[in-house]
Amino acid sequence: SAGDGAAAMKKELVYPQEIWLRIEGTDYTSYRFTFTVRDGVCYTDGTPVTSDDFINAFYLLFTPGYDGVYDAFPADIKGATAYYYGGSDEIEGIQRVDEKTFTIDLEGKNASAEAFLAVPALRVSEAGEMKRPEGLSMQEREAYYEDALSRARNVDPARASYGQYALETLETGAKATLSANGSYWRGAPKISAVELLVVPTGDEMRAMLDGDVDIITMMGNAENVDEIWDYEKGFVNLYNWENSAVGYLGMNLRGELFSDMRVRQAIAVGLDRETILANTLERYGTLNTQMKFDEFSLNSDVLGEQYSYDVERARRLLDEAGWKLGEDGCRQKDGVRFAFTFSYATPSPVMDKAAGMIAAGLRQLGMEVTLNPVALDELIDAVEDDACDMYFMARQLPQRAAVAARMFAGDSHLNLSGYRSDMLDYFFTWLCQESDTDRQTVMLEAYFEELYRELPVIPLYQRSEVLLVSARILNCTVTAAHEITSDVYRFMLTDTLSKQW
């Protein structure tokens, strides 16, 4: 989340899914949204959050070079594009009403706008003004953008947070300490401090059983779940559900190897993904034949049949794409060998097992694959720099399917592959213009079905979440659609109840 500064830290570490604004005018017959900051929403030092802070965040998002975790462009705010490209010194559609209220006008009807306008505030007194001053030359503008992005990245998260907890200390790779926000608008948290610990992969269950942690997720497999089940009564509460993260193969679509859709489809049918899943996640994962959201459900039977494991079909698709098998067993086209590097993050209990099986499956199709295990940070940098031939990535899908649509196709900076097509752009435009919820669902289904046909990424699996919660924690609500971090302010510890009432 580099580039999003304090807002990203707050968003990821403290409370991912909270609502601070009351929204009016959402019947889609008007192109105006009115936002009002709730009473009692304050920063950790007691200073009220204002409409200026939210407006400041939107100007950050429309600063050239911004590469954070939000994208408000698809909302189509009036005048935002003109401001971004320097044709205007302000965003016409964003207007301050008073200290608590602001309005956003759209260029036209956009039924998905709310999803893209869900942006946290960026405190003006800490980050400074993100809005570009009037009258700057082109050179001065570039300098201002660089300075504004730097200021946003370097804001003290403890002073920019207005949620349940504020970040106090951060030891990279080891521990983060958060302190309770006594001014939290839902009520002061009952537990005064929270520590986030980095636990080595594979040690999650032992950390829970040794009492080092109270809440932790772990990779599910039959052996470790059966072991933790012995402790479940009275000591550990175990929860299991399908999470919203999708694991997939990404490719350099600008290069010659993967630019043809038939090649990508050949990889999808030529990999025995079901066996790979069974040998890694066992029963704690599902084969991806779609990307699933609470908002709608695709016809999984149709999509599931689209890429059933069929090596001969995969070979035919490669032949049709012009990649012919050479005498040395490697496919070639116009003198180019189908040889590439497959990068993945390690250590990983899934990919450390799966990478070899993926490589073996690709080799039987006539592809020459070199495995490249790297540290996660190195992999992310390489993907963002478009320096990977093929790579494995897992990404958390947002609750709103329209936002997820921009993660895999289109001109958003959230789209790591850079892929876009006329058909997908058409479906997305139609989706935003459609106000009827049933017709929206149809358009979402059409979009993701087309995405799955064109395959800018190849879904591998959706992992089941295995969450362990110490029985000494009370008021922890766990459902597939509710982040437990939203409830931390309600948590109580059974061994300190006398101090908390």
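Since this is a predicted model, take the numbers as computed values, not measurements.

I'd like a rundown of the layout of surface pockets, residues and numbers included.
Reported here for the second largest pocket is a volume of approximately 680 Å³. Forming the walls of the second largest pocket are 32 residues, and the residues nearest its centre are F73, P74, T81, R406 and D411. Residue assignment for the lining of the second largest pocket shows that the elements contributing at least two residues are α3 (80-84) and α17 (422-433). Element by element, the count of residues in the lining of the second largest pocket is highest for α17, at five residues. Residue composition of the lining of the second largest pocket, grouped by class: 14 nonpolar, ten polar and eight charged.

A description of the pattern of salt bridges should follow, citing residues and the corresponding values.
Between side chains of opposite charge, a pair can form when the charged atoms approach closely. Here the structure, examined in full by the defined rule, presents 25 salt bridges. Here R132 ties to D89 by a salt bridge, and the two come within 3.7 Å at their closest N and O atoms. Here the residue R132 occupies a position in the loop between α5 (124-127) and α6 (138-153), and D89 occupies one in the loop between α3 and β3 (94-96), the gap between them amounting to 43 residues. Judged by relative accessible area, which is 2%, R132 ranks as buried. With relative accessibility at 24%, the residue D89 sits in the partly exposed group. Salt-bridge contacts for D319 lead to R331; the nearest nitrogen and oxygen are separated by 2.9 Å. Taken together, the residues span a long stretch of sequence, with D319 in helix α13 (residues 311-320) and R331 in strand β12 (residues 331-333) at a distance of twelve residues.

Let's hear about the sheet that holds strand β11 (residues 324-325): which residues, and what values?
Pairing is antiparallel in the open sheet, where three strands are placed in the order β11-β12-β13. Because the sheet does not close on itself, it has two edges, and the strands there are β11 and β13 (336-337).

Give a description of the pairing of strand β5 (residues 165-171) that names residues and reports values.
Pairing of β5 with strand β6 (residues 175-180) involves six bridges; the strand directions are antiparallel. Each bridged residue has a counterpart across the sheet, and for L170 the counterpart in β6 is A176. The hairpin formed by β5 and β6 contains three residues between the paired strands, and G173 there has a positive phi angle of roughly 80°.

Give a description of the nonpolar core that names residues and reports values.
In this structure, I77, L249, F258, I267, F340, F342 and I358 are the most contacted members of the largest nonpolar core, which totals 118 residues. When neighbours within four sequence positions are excluded, I267 is seen to be in contact with L249, M251, F258, L362, M367, M390 and I458. In terms of nonpolar packing, the next biggest core, distinct from the first, is built from 15 residues, W241, L467, I473 and V488 among them.

Describe the environment of P347, naming the residues involved and giving the relevant values.
Considering the arrangement of structural elements, one finds P347 in the loop between β14 (339-345) and α14 (351-363). On the basis of relative accessible area, P347 is assigned to the exposed category, the value being 64%. The sequence separation of P347 and L376 amounts to 29 residues, and the corresponding C-alpha distance is 8.5 Å. Setting aside its immediate chain neighbours within four residues, P347 contacts T201 and D352.

I'd like a rundown of helix α16 (residues 401-408), residues and numbers included.
When you tally the buried positions in α16, you get eight out of eight residues, the bulk of the element. Two residues or fewer after α16 comes G410, characterised by a positive phi angle close to 100°.

How would you summarise the sheet that holds β5 if you had to cite specific residues and measurements?
Strand pairing within a sheet occurs via backbone hydrogen bonds; the two strands may be parallel or antiparallel. Strand order in the open sheet formed by three strands is β5-β6-β7, with antiparallel pairing between adjacent strands. This sheet does not close on itself; its edge strands, each paired only once, are β5 and β7 (193-197). Averaged over all adjacent pairs, the angle separating strand axes in this sheet is 20°, with direction ignored.

Now, about empty space enclosed by the protein: what can you tell me, with residues and values included?
Inspection of every chain in the model, using the stated rule, returns five cavities of 30 Å³ or more. Of the volumes computed, that of the largest cavity is approximately 90 Å³. Surrounding the largest cavity, R273, I276, L277, T280, L281, V350, M351, A354, I358, L460 and Y461 form its lining. When residues of the lining of the largest cavity are assigned to their parent elements, the largest contribution, four residues, is made by helix α11 (residues 273-280).

If you had to explain a negative patch on the surface to someone new, which residues and values would you point to?
Judged by side-chain charge, D377, E378, D381, E384 and D385 come together as a negatively charged surface patch. Given the relative accessible area of 58%, D377 is considered exposed.

Can you lay out a nonpolar patch on the surface for me, pointing to particular residues and giving the numbers?
On the surface, M423, Y426 and W430 cluster together into a nonpolar patch covering about 300 Å² of accessible area. Relative to the helices and strands, M423 resides in helix α17. On the basis of relative accessibility, which here comes to 39%, the residue M423 falls in the partly exposed class.

Give me the lowdown on the packing of α16 against helix α18 (residues 437-454), citing residues and values where you can.
For any two helices packed against each other, one specifies the inter-axial angle together with the distance between the axes. At a minimum axis distance of 11 Å, the contact between α16 and α18 shows a crossing angle of 25°. Considered as vectors, α16 and α18 are oriented roughly parallel to each other. For α16 against α18, the interelement crossing comes out left-handed. Taking contact as the criterion, the partners of A401, A402, A404, A405 and F408 in α16 are, on α18, L444, Y447, F448 and L451.

Account for the side chain of Q164, naming residues and giving values.
Counting through the fold element by element, Q164 comes out in the loop between α7 (157-160) and β5. Owing to a relative accessible area of 0%, Q164 belongs among the buried residues under this scheme. Engagement of the side chain of Q164 in a polar contact is seen with the backbone oxygen of S486, the distance being 3.5 Å.

Conventions adopted
In this convention, every chain numbers its residues from 1, walking through the sequence in written order. This being a predicted model, a pLDDT of at least 70 is required before a residue's local features are given, and a value of 80 or more before pairs of side-chain atoms are given or counted; all residues contribute to the totals for chains, interfaces and linings. As a convention, hydrogens and water are excluded, and side-chain values are obtained from all of the structure's heavy atoms. Within this scheme a cavity is a closed region of a 1 Å grid, computed over the protein atoms alone, that accommodates a 1.4 Å probe without allowing it to escape, whereas a pocket is open but has protein on both sides within 12 Å along at least five of seven lines; lining residues each have an atom within 4 Å of a point. Grid points are joined across faces, edges and corners, and a volume is the space filled by probe spheres set on the points. Here a strand is any run of E in DSSP of at least two residues, a helix any run of H or I of at least four, and the numbering for each starts at the N terminus. In this classification, Asp, Glu, Lys and Arg are treated as charged, Ala, Val, Leu, Ile, Met, Phe, Trp, Tyr, Cys and Pro as nonpolar, and every other residue, Gly included, as polar. Salt bridges are defined as contacts in which a side-chain nitrogen from Lys or Arg sits within 4 Å of a carboxyl oxygen from Asp or Glu. Burial classes: relative accessible area under 20% of the type maximum marks a residue as buried, over 50% as exposed, and values in between as partly exposed (1.4 Å probe, protein chains only). Two strands form a pair only when DSSP identifies at least two bridges running between them. Each nonpolar core is a collection of buried residues, namely Ala, Val, Leu, Ile, Met, Phe, Trp, Tyr and Cys, held together in the definition by side-chain atoms within 4.5 Å. Whether two residues are in contact is decided by their heavy atoms, any of which lying within 4.5 Å being enough. To get an axis, fit a line to the C-alpha atoms, keeping to the stretch in contact for a helix; angles then go from 0 to 180 degrees between the N-to-C directions. Here the term patch refers to residues with relative accessible area over 30% and no salt bridge, with like charges joined within 9 Å and nonpolar side chains (Val, Leu, Ile, Met, Phe, Trp, Tyr) within 5 Å. Here the open area of atoms and residues is found with the Shrake-Rupley method and a 1.4 Å probe, where only the protein chains shown may cover a residue. Positive residues here are Lys and Arg, negative ones are Asp and Glu, while His and the chain termini are left out of the count. All charge positions are set by atom: Lys at NZ, Arg at CZ, Asp at CG, Glu at CD. Any angle between 65 and 115 degrees counts as roughly perpendicular, while under 35 counts as roughly parallel, over 145 as roughly antiparallel, and the rest as oblique. Helix crossings fall into two classes, left-handed where the near helix is turned counterclockwise from the far one by less than a right angle and right-handed where it is turned clockwise. Pairing of N or O atoms within 3.5 Å defines a polar contact, subject to two protein rules: one partner must be a possible hydrogen donor and the other a possible acceptor, and residues neighboring in sequence count only if both atoms are side-chain atoms.

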